[in-house]
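# Fold and contact review
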Amino acid sequence: MSTYLNLFICAIIEKNEYGVKKMLDIINKAELMHDLNKNEIIQLLEDEQYKEELFKAADRVREKYLGNEVHLRGLIEFSNICKQNCLYCGLRRDNKEVERYRLDKETILDFAKKAVSYGYRTLVLQSGEDFYFTKDLMCEIISEIKKLDVAITLSIGERSYDEYKAFKEAGADRYLLRIETTDKELYERLDPGMSFENRVNCLKMLKELGYEVGTGCLIGLPNQTTESLANDILFFKEIDADMVGVGPFIPNEQTPLAKERGGTFEMALKVMAITRLLLPTSNIPATTAMETLNKQGRQIALQSGANVVMPNVTEGKYRALYKLYPGKICINDTPAHCRGCITGKIYAIGRTVSNDYGFRKK
Ligand code: SAM
Ligand code: SF4
Ligand code: FES
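Computed from a predicted structure; not experimentally measured. (Residues numbered from 1 in each chain as written. Chains lettered and ligands numbered in written order. Predicted model: local features only at pLDDT ≥ 70, side-chain atom pairs only at ≥ 80, totals over all residues. Heavy atoms only, no water.)

### Structural notes on the sheet that holds strand S9 (residues 352–353)
Under the convention used in this document: Any two strands are treated as partners once DSSP identifies two or more bridges connecting them. Only DSSP runs of H or I with at least four residues qualify as helices, and only runs of E with at least two residues qualify as strands; both kinds are numbered from the N terminus onward.
Taken together, the three strands give an open sheet; going across it, the order is S8-S1-S9, and neighbouring strands pair in parallel fashion. In this open sheet, the two strands that pair with only one neighbour each are strand S8 (308–309) and S9. Pairing of strand S1 (residues 69–72) with S9, which is carried by two bridges, proceeds in the parallel orientation. Within the sheet, the bridge partner assigned to valine 70 lies in S9 and is valine 353.

Quick look at the structure:
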């Protein structure tokens, strides 16, 4: 072999070894220091070779800081009426094809009681931005549910400081408000009429009021870059999010983004795993949208950094009507069935179901 060829081969081997070392160094650094810069995050997101190492490192960090317990949150989808028009969402106000519903207070309480009887210690009340649920009505619902001795999470969109304060005083403990994307321009294009600054401000107000604050992002939005996803992860770290929900964007045929490609399970998993490395004590759900793209999605997510699952406890036909995207799991199942199903999946991977309220362990 000529000397030149030899040198050339050596250079390739060295370069690859350097590449291997570099990716593993980044993963090790994240696992030990819980800190990465934007370039390092981008490299991890774009790497195909060492993703399994990344997922394993996230799993180790989860186990080290949070143990093997999985927290279950029972999700009540109490209204699919929304005044907003987010381009990606099936509940957007311009979608005339969806049959709208709004549960009354008694039905919400009934679902809450049933969920408690299945053993849930946290209930999540989620809806479109439906202002039929005024400050007073929400406070009544919250204080009634609070009597059931559960932690309450709200996920009802943007409200005023005064309303957030009243909900907190009525007994709400946590609030989920995904930033969706930290790319302001993309955010305002996809969420017409909404302002990025106001979204960030809502998160600030919620923190200030003492809520456990959850945020998160959609993966695979049109024109979203890996740099933008890296910024999302750094944002979660910057605000020290107590909960972070990451899910693939799944195009809905009844929306303007029907023809988009959507996000992949794998990229959502990478963003989630890196988030775990940087935020070792945050509560991170294995999201429903992940399982929609992959039959074992929630189990894989639980083995790649997640420690929370949010099974649906909405009863009857409403599950199917709360249609953010196609293929949503569990729409024909009952809360009792889902509870048994998810418990089985959790124990099957050697984990246990927590019996406590599931607040963030700092
Ligand atoms: N209206 C509240 C809000 O927007 O914060 C809460 C309910 S909203 C339906 C909950 C989440 O659904 C949003 O934060 C968004 O990330 C997610 N979502 C909406 N459309 C989606 C889609 N097509 N694919 C995946 N997730 C979607
Ligand atoms: Fe409404 Fe939330 Fe859907 Fe946007 S994401 S249209 S605010 S339900
Ligand atoms: Fe609903 Fe498995 S969690 S059927």
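### Quick word on the site of ligand 1
In plain terms, the rule: One heavy atom suffices: a residue is near a molecule or strand as soon as one of its heavy atoms comes within 4 Å of it. Nitrogen and oxygen atoms within 3.5 Å of one another constitute a polar contact, given that in protein one can donate a hydrogen and the other can accept it, and given that sequence-neighbouring residues count only through two side-chain atoms. Accessible surface area values rest on a Shrake-Rupley calculation with a 1.4 Å probe, where residue burial reflects the displayed protein chains alone. Note on residue categories: nonpolar means Ala, Val, Leu, Ile, Met, Phe, Trp, Tyr, Cys or Pro, charged means Asp, Glu, Lys or Arg, and polar means any other residue, Gly included.
In the vicinity of ligand 1 lie 18 residues, with Tyr88, Ser127, Arg178, Glu180 and Ile250 positioned nearest. At 2.9 Å from an oxygen atom of ligand 1 is found a side-chain nitrogen or oxygen belonging to arginine 178. The side chain of glutamate 180 places a nitrogen or oxygen atom 2.6 Å from an oxygen atom of ligand 1. Within the complex, 92% of the 570 Å² of free accessible area of ligand 1 lies under protein. Residues that form the shell around ligand 1 fall into these classes: 10 nonpolar, five polar and three charged.

### Thoughts on the side chain of glutamate 315
This is how it is decided: In this scheme, a residue with accessible area under 20% of its type's maximum is buried, one over 50% is exposed, and one in between is partly exposed, where area comes from a 1.4 Å probe on protein chains only. Positive residues here are Lys and Arg, negative ones are Asp and Glu, while His and the chain termini are left out of the count. Salt bridges, as used here, are contacts in which a Lys or Arg side-chain nitrogen is within 4 Å of a carboxyl oxygen on Asp or Glu.
Tracing the sequence through the fold places glutamate 315 in the loop between S8 and helix H13 (318–321). At 4.5 Å, lysine 114 is the nearest oppositely charged side chain to glutamate 315, a buried residue that forms no salt bridge.

### Digging into the pairing of strand S7 (residues 243–248)
How we decide: Handedness is read with the strands pointing away from the viewer; a crossover is right-handed when the path from the first strand over the helix to the second is clockwise.
Among the six residues of S7, six are classified as buried, and the element is accordingly described as predominantly covered. Every second residue of S7 is oriented toward a common face, with Met243, Gly245 and Gly247 on one face and Val244, Val246 and Pro248 on the other, all of them buried. Taking the sense of rotation as the criterion, the β-α-β connection linking strand S6 (residues 212–219), helix H9 (residues 226–238) and S7 turns out right-handed.

### Some details on the layout of surface pockets
As a reminder, the rule being used: In this analysis the probe radius is 1.4 Å and the grid spacing 1 Å, with only protein atoms considered; a cavity is a set of points the probe fits into but cannot get out of, a pocket is an open set with protein on both sides within 12 Å along at least five of seven lines, and lining residues have an atom within 4 Å of a point. Grid points are joined across faces, edges and corners, and a volume is the space filled by probe spheres set on the points.
Taken as a whole, the largest pocket encloses approximately 270 Å³ of empty space. Lining the largest pocket, in full, are Ile219, Gly220, Leu221, Gln224, Thr225, Thr226, Leu229, Arg261, Gly262, Gly263, Thr264 and Met267. When its residues are assigned to classes, the lining of the largest pocket shows four nonpolar, seven polar and one charged.

### A short note on the environment of phenylalanine 235
Heads up, the rule is: Note on contacts: a residue pair is in contact if any heavy atoms of the two residues lie within 4.5 Å.
Mapping phenylalanine 235 onto the fold places it in helix H9. On a C-alpha basis, the gap between phenylalanine 235 and leucine 293 in space is 26 Å, while along the polypeptide they are 58 residues apart. The contacts of phenylalanine 235, once residues within four sequence positions are left out, are Ile179, Thr182, Leu203 and Thr215.

### Looking at the pattern of salt bridges
In the structure shown here, the tally under the stated rule is 34 salt bridges. The residue arginine 102 makes a salt bridge to aspartate 130 at a minimum N-O spacing of 2.8 Å. Placement of the pair is arginine 102 in the loop between strand S2 (74–79) and helix H4 (105–117) and aspartate 130 in the loop between strand S3 (122–127) and helix H5 (135–146), with a sequence separation of 28 residues. Here the salt bridges share partners, and the residues they tie into one network are Lys207, Asp240, Asp242, Arg360 and Lys362.

### What to know about the site of ligand 2
As a structural note, the neighbourhood of ligand 2 is formed by Cys82, Gln84, Cys86, Tyr88, Cys89, Arg92 and Gly128. Here the residues of the shell around ligand 2 are counted per class, giving four nonpolar, two polar and one charged.

### Points about unusual backbone geometry
The backbone phi angle of aspartate 149 is positive, close to 60 degrees, even though this residue is not glycine. Judged by relative accessible area, which is 43%, aspartate 149 ranks as partly exposed. Phi angles above zero are rare outside glycine, and glutamate 180 is one such case at about 70 degrees. Position of glutamate 180 relative to the elements: it lies in the loop between strand S5 (174–176) and helix H7 (184–190). Residue classification places glutamate 180 among the buried positions, given a relative accessible area of 11%.

### Focus: the pairing of S6
The element S6 is largely enclosed, with a buried count of eight among its eight residues. Every second residue of S6 is oriented toward a common face, with Glu212, Gly214, Gly216 and Leu218 on one face and Val213, Thr215, Cys217 and Ile219 on the other, all of them buried. Bridge analysis of S5 against S6 gives three bridges, and the strand direction is parallel. Within S6, the position partnered with tyrosine 175 by the bridge is valine 213. Bridging between S6 and S7 involves six bridges; their strand directions are parallel. Considered in S7, the bridge of glycine 216 is made with glycine 245.

### Some points on empty space enclosed by the protein
With the rule as written, the count across this model stands at four cavities of 30 Å³ or more. Of the voids in this model, the second largest cavity is the one considered here, and its volume is about 60 Å³. Lining the second largest cavity, in full, are His71, Leu72, Arg73, Gly119, Tyr120, Arg121, Thr122, Arg339, Val353, Ser354, Asp356 and Tyr357. Its residues placed into classes, the lining of the second largest cavity shows four nonpolar, four polar and four charged.

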